[in-house]
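Chain residues, written in single-letter form:
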There are 4 protein chains.
Amino acid sequence: MAARPTRPALRDRYDRRRDELVRNAARAFARRGYDQTTMQELAATMDLATGALYHYFPGKERLLIAICDQLMEPLLARASEIGEQEASPRERLRAVVRLWVAHVVEHRDHMLVFQQERHQIESGEEWRGVRAARKTFERLVGDLLERADPADDARLRLLALLGMVNHTAQWYRPRGALSPRQIADGYLDLVLRTG
Amino acid sequence: MAARPTRPALRDRYDRRRDELVRNAARAFARRGYDQTTMQELAATMDLATGALYHYFPGKERLLIAICDQLMEPLLARASEIGEQEASPRERLRAVVRLWVAHVVEHRDHMLVFQQERHQIESGEEWRGVRAARKTFERLVGDLLERADPADDARLRLLALLGMVNHTAQWYRPRGALSPRQIADGYLDLVLRTG
Amino acid sequence: MAARPTRPALRDRYDRRRDELVRNAARAFARRGYDQTTMQELAATMDLATGALYHYFPGKERLLIAICDQLMEPLLARASEIGEQEASPRERLRAVVRLWVAHVVEHRDHMLVFQQERHQIESGEEWRGVRAARKTFERLVGDLLERADPADDARLRLLALLGMVNHTAQWYRPRGALSPRQIADGYLDLVLRTG
Amino acid sequence: MAARPTRPALRDRYDRRRDELVRNAARAFARRGYDQTTMQELAATMDLATGALYHYFPGKERLLIAICDQLMEPLLARASEIGEQEASPRERLRAVVRLWVAHVVEHRDHMLVFQQERHQIESGEEWRGVRAARKTFERLVGDLLERADPADDARLRLLALLGMVNHTAQWYRPRGALSPRQIADGYLDLVLRTG
DNA sequence: TATGAATGAGCCTTCATTCAT
DNA sequence: CATGAATGAAGGCTCATTCAT
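So, here is what we can say about the structure in this document. These numbers were taken from a predicted model, which means no experiment stands behind them. (Residues numbered from 1 in each chain as written. Chains lettered and ligands numbered in written order. Predicted model: local features only at pLDDT ≥ 70, side-chain atom pairs only at ≥ 80, totals over all residues. Heavy atoms only, no water.)

So, on to the overall build of chain A. Across its full length, chain A holds 10 helices and zero strands. Counted from the first residue to the last, chain A has its helices and strands arranged as α-α-α-α-α-α-α-α-α-α. Dimensions along the principal axes, computed over C-alpha positions, put chain A at roughly 55 × 35 × 35 Å. Across the 195 residues in chain A, those meeting the buried criterion constitute 49%. Sequence separation of at least 24 residues holds for 70% of the intrachain contacts in chain A that already meet a minimum separation of 6. (Helix = DSSP H or I, 4+ residues; strand = E, 2+ residues; numbered from the N terminus. Buried < 20%, exposed > 50% of the residue type's maximum accessible area, 1.4 Å probe, protein only. Contact = heavy atoms within 4.5 Å.)

Here it is in structure tokens:
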């Protein structure tokens, strides 16, 4: 794999191109599955020669990791910011869930890949980072939920929330009846019992 | 592929063996992924010669379909029975959700495979039956939910319920803190607002 | 392989059955090709279990040899008889060619198999007998031709005659315009210039 | 399969290589039979990796078709030219038969394969072109024969001619007693009775 | 950086043959 | 003699990866 350029102009171009490739790969993987999508198909979709993919990713698996990173990193960054704001736990929770749902519907393909390739993510050294990111995010949401509405069944509610939000990727359609924000608020209504 | 035997004694043995193979395959696919599990690995796991698998399934994909059938058929059958009972919608909904959660945790591997191979299930002629079964089940739950607790956001609640129950396969561990029944009731508490 | 029975009644039944199987195999091989016809297909066609074939033939190749034998042995036997008759060479040649053409059209499938599997026949120890039979027959025809109409180009005429007669299997249809006898006489008209 | 290159230099190299591969395959198939020759054997013979064959042919059967095309196309092209010349039918027939015999002995392997795989050629959609080419050629020869020497048994003579010429592939050896031209003329002597 | 032909290990599937019943 | 499930070696084909240009 060619190294990432150091000169800023080239580097930016490289980074933008790489991001674009990751997004395209997410779409392809979501549609046909990771294993059933060939590197040559990917390259063709992206108007690239087969070998050129290897300038950006040392192998197919690293491309998959890149998809997960592209999904998790901005989500985690912005959620952390919200988590550290001064607002009440309940307000921060609402902000996080809105962000989260918006992120999910904007990265539907990433989410679907993320779910489909669960078995890969769950084992293997190179997936450590992705696993850590997910855990961190879940803990962040869990903490906010616990503090926003303490209850015996806090854990079950967290798990339910994770389930419904992640599942959103499977049914959400742009221009549907509900906006991401409405969806997020709807979920919160279910999870937060006290008024 | 050898045909299913017609003599009852042989046929029963055949059916039991086939069911066992499907269960084993579900486990393997859930762990390593469908594409990354080879037919020879499967055969070895099941103490079978490679070719013997093809006495039961005409190909790898049909084995995957069989997993989905083994998951959906009994669930759909028993849920339909409940749906036609005389009890109130709310009671029937509770019964269905309890059945459903119990089924999910008892078929965790099947569920994980079902989710991982979403992209295969969603396209292709031979998957029509599986898609129909899922749709039927979802409609059944949706109807009960609507009648148990009419509300503006019935659809979102259904989708939330689907998300949380299905997601259960990813975190449930036997001998955990919560029994399937408690989980089911917990979910119902979230979804049914009017007490 | 079970041995050929010794008791006459059983032995005859066995032989008749075996002959029938060989004929059926010839048909199947002629249609789908030797390698592309499976032993299980053969067995099914003959209303037999797969394993039963091995009571009659120790393996697939021996079945192929049996087809060649069923083709060559009666032809060679009757041609030899004719060759030793007292008639003139020309009359004997005519008799042999008529026999030959009649045999070819009656064993079209055998002939087609014989031609298709030329490469197998031409090498391998177990094919020695078949090769010898063909050579013997060709020599017999060649001798008669030479003596019926001596000429410089006797060899080429023999080869031409072999070509046209064998080729007959590829176009002859029962109830066609020409009877086997007419065909044979037509061939002789071409090959015998004098007279 | 990689596409045929468009740049002239590369395309020529590709075409030459492909032709070479087809010729080699014809040799191998003629010797060991189509089904008994593996793609890996072929590749090894041609100093190629297994997968490289698939840059030139999408599958084994297409390779077989290519052999038939390599046999029939130039023959048909040149025979058509001759058929449209101004010479007498008899002269044109002689020219075509000489061409034909020369072609057969120069493509012995192709011919043997063509005959051995008759059953494949005769059925299947992708063989339509090959069947058409054969029919066209046979009709061309038949027309010339009919006009060169009208007779009641024209059809039988055509079939005899087809038989002998095609059969030539099975006995001709380079540096044998007869040149292709002598063989062709010998065949014509048999088939043309008058003059 | 980009290309795309070439590599070759590996997988799904087939099928001749065996053998317990 | 008959059965037919089981065996397991082998073949056609794919595809992630490399590298000469």
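Moving on, there is more to tell.
In total, this model carries 13 aromatic pairs over all chains according to the counting rule given. A ring pair is formed by A:Phe29 and A:Tyr34, whose centres lie 5.1 Å apart and whose planes are at 75 degrees; its orientation type is edge-to-face. The class for A:Tyr34 is buried, based on a relative accessible area of 6%. A centroid spacing of 5.0 Å and a plane angle of 75 degrees characterise the contact between D:Trp100 and D:Phe137, whose relative ring orientation is edge-to-face. (Phe/Tyr/Trp six-rings, centres within 6.5 Å; stacked < 30°, edge-to-face > 60°.)

A few words now on the interface of chain C and chain D. Each partner contributes to the interface: chain C provides 34 residues, whereas chain D provides 34 residues. Between chain C and chain D, a total of about 2700 Å² is buried, with carbon and sulfur atoms accounting for 60% of that surface. On the chain C side of the interface with chain D, the three residues burying the most area are C:Arg118, C:Leu156 and C:Leu190, jointly 23% of the side's total. If you look at where chain C meets chain D, you find zero salt bridges. Where chain C meets chain D, there are eight residue pairs in polar contact (both at pLDDT 80 or more). The greatest single-element share of the side of chain C that touches chain D, amounting to 11 residues, is contributed by helix H9 (residues 154–171) of chain C. Considering only residue class, the side of chain C that touches chain D consists of 15 nonpolar, 11 polar and eight charged. (Buried area = accessible area lost by both parts, 1.4 Å probe. Salt bridge = Lys/Arg side-chain N within 4 Å of Asp/Glu carboxyl O. Polar contact = N/O pair within 3.5 Å; in protein donor to acceptor, adjacent residues only side chain to side chain. Nonpolar A, V, L, I, M, F, W, Y, C, P; charged D, E, K, R; others polar.)

Here we take up the protein's contact with DNA strand E. With respect to spatial proximity, 35 residues lie near DNA strand E, and among them A:Pro5, B:Met39, B:Gln40, B:Lys60 and C:Met39 are the closest. At 3.0 Å, a backbone N or O of A:Ala49 approaches a phosphate oxygen of DNA strand E. Take C:Tyr54: an N or O atom from its side chain is 3.0 Å from a phosphate oxygen of DNA strand E. Those elements that provide at least two residues to the surface near DNA strand E are helix H3 (53–56) of chain A, helix H2 (39–45) of chain B, helix H2 (39–45) of chain C together with helix H3 (53–56) of chain D. Residue classes in the surface near DNA strand E are distributed as 15 nonpolar, 18 polar and two charged. (Near = heavy atom within 4 Å.)

A word on the relation of the copies chain C and chain D. Each of the two copies of the chain can be brought onto the other by a rotation about an axis and a shift along it. Placing chain C over chain D gives an RMSD of 0.1 Å and needs a rotation angle of 180 degrees, together with 0.0 Å of translation along the axis. Given the turn and translation reported, the copies of this chain are related as if by a two-fold rotation axis. No C-alpha of chain C approaches the rotation axis more nearly than that of C:Gln116, which lies at 2.0 Å. Both copies present the same face, since 100% of the interface residues in chain C are matched by interface residues at the equivalent positions in chain D. (Least-squares fit on C-alpha atoms with pLDDT ≥ 70 in both.)

Surrounding DNA strand F, one finds 35 residues, the nearest of these being A:Met39, A:Gln40, C:Pro5, D:Met39 and D:Lys60. Near the protein, meaning within 4 Å, the atoms of DNA strand F are sugar or phosphate in a fraction of 62%, with bases accounting for the rest. Here a base nitrogen of DNA strand F and a side-chain polar atom of D:Gln40 are 2.9 Å apart. Between D:Tyr54 and DNA strand F, the recorded distance is 2.9 Å, taken from a side-chain N or O atom to a phosphate oxygen. Elements that contribute at least two residues to the surface near DNA strand F include exactly helix H2 (39–45) of chain A, helix H3 (53–56) of chain B, helix H3 (53–56) of chain C together with helix H2 (39–45) of chain D.

So, about the arrangement of the chains. Without any contact between them, chain A and chain C keep their closest C-alpha atoms 30 Å apart. Spatially, chain B is disjoint from chain C: no contact exists, and the shortest C-alpha separation is 11 Å.

With that settled, consider the interface of chain B and chain A. At the interface, 34 residues of chain B touch 34 residues of chain A. Taken together, both faces of the contact between chain B and chain A bury some 2700 Å²; the carbon and sulfur share is 60%. On the surface where chain B and chain A come into contact, there are zero salt bridges. Our count for the chain B to chain A interface comes out at eight residue pairs in polar contact (both at pLDDT 80 or more).

Another aspect to go through is the packing of helix H9 (residues 154–171) of chain D against helix H10 (residues 180–191) of chain D. Residues and elements named next belong to chain D. Where H9 contacts H10, the axes come no closer than 10 Å and their chain directions differ by 155 degrees. The orientation of H9 with respect to H10, classified from their angle, is roughly antiparallel. You can see that H9 and H10 cross each other, and the crossing is right-handed. For the pair H9 and H10, contact is made by Arg157, Leu161, Met164, Val165, Thr168 and Trp171 and by Ile183, Tyr187, Leu190 and Val191, respectively. Taken together, the residues of the contact of H9 with H10 sort by class into eight nonpolar, one polar and one charged. (Axes fitted to C-alpha atoms, helices over the stretch in contact; angles between N-to-C directions. Parallel < 35°, antiparallel > 145°, perpendicular 65-115°, else oblique. Left-handed = near helix turned anticlockwise from the far one by under 90°.)

Looking now at the relation of the copies chain B and chain A. Relative to chain A, chain B is turned by 180 degrees and slid 0.0 Å along the rotation axis, the superposed coordinates differing by an RMSD of 0.1 Å. A share of 100% of interface residues in chain B that are also interface residues in chain A marks the association as one of identical surfaces.

So, about helix H1 (residues 8–32) of chain D. Along its 25 residues, H1(D) runs 36 Å from first to last C-alpha, staying within 8% of the 36 Å computed at 1.5 Å per residue. Along H1(D), the residues that are buried comprise D:Tyr14, D:Leu21, D:Val22, D:Asn24, D:Ala25, D:Ala26, D:Ala28, D:Phe29 and D:Ala30. Buried residues along H1(D) sit in contact with helix H7 (118–121) of chain C together with H2, H3, helix H4 (60–83) and helix H6 (108–116) of chain D. The positive-phi residue at the C-terminal boundary of H1(D) is D:Gly33, with phi of around 90 degrees. (Expected span 1.5 Å × (residues − 1).)

Attention shifts here to the side chain of D:Gln70. Residues and elements named next belong to chain D. Along the chain, Gln70 falls in helix H4. Residue classification places Gln70 among the buried positions, given a relative accessible area of 15%. Among the polar contacts listed, one links the side chain of Gln70 to the side chain of His110, at a separation of 2.7 Å. Setting aside anything within four residues of it in sequence, one finds Gln70 in contact with Asp19, Val22, Arg23, His107 and His110.

All right, on to helix H8 (residues 128–148) of chain C then. All names here are of chain C. With 21 residues, H8 extends 30 Å from end C-alpha to end C-alpha; this agrees with the ideal 30 Å at 1.5 Å per step. Turning to H8, its buried residues are Val130, Ala133, Phe137, Leu140, Val141, Gly142, Leu144, Leu145 and Ala148. Where H8 is buried, its residues meet helix H4 (60–83), helix H5 (89–106), helix H6 (108–116), H7, H9 and helix H10 (180–191).

The next point concerns the environment of C:Asp12. Checked against the element boundaries, C:Asp12 lands in helix H1 (residues 8–32). C-alpha separation for the pair C:Asp12 and C:Phe57, spaced 45 residues apart in sequence, amounts to 16 Å.

Summed over all chains, the structure comprises 40 salt bridges over all chains. In this structure, A:Arg23 and A:Glu20 form a salt bridge, with 3.4 Å as the shortest nitrogen-oxygen distance. Of this pair, A:Arg23 and A:Glu20 both sit in helix H1 (residues 8–32), three residues apart, roughly one helical turn. Classification of A:Arg23 by relative accessible area gives partly exposed; the value is 42%. Assessed through its relative accessible area of 38%, A:Glu20 is described here as partly exposed. Taking the shortest distance from any N to any O, the salt bridge between D:Arg157 and D:Asp153 comes out at 3.2 Å. With a relative accessible area of 6%, D:Arg157 lands in the buried category. Beyond isolated ion pairs, a larger network of salt bridges with shared partners links A:Arg94, A:Arg98 and A:Asp185.

Remember, this is a structural readout, not a statement about activity or role.
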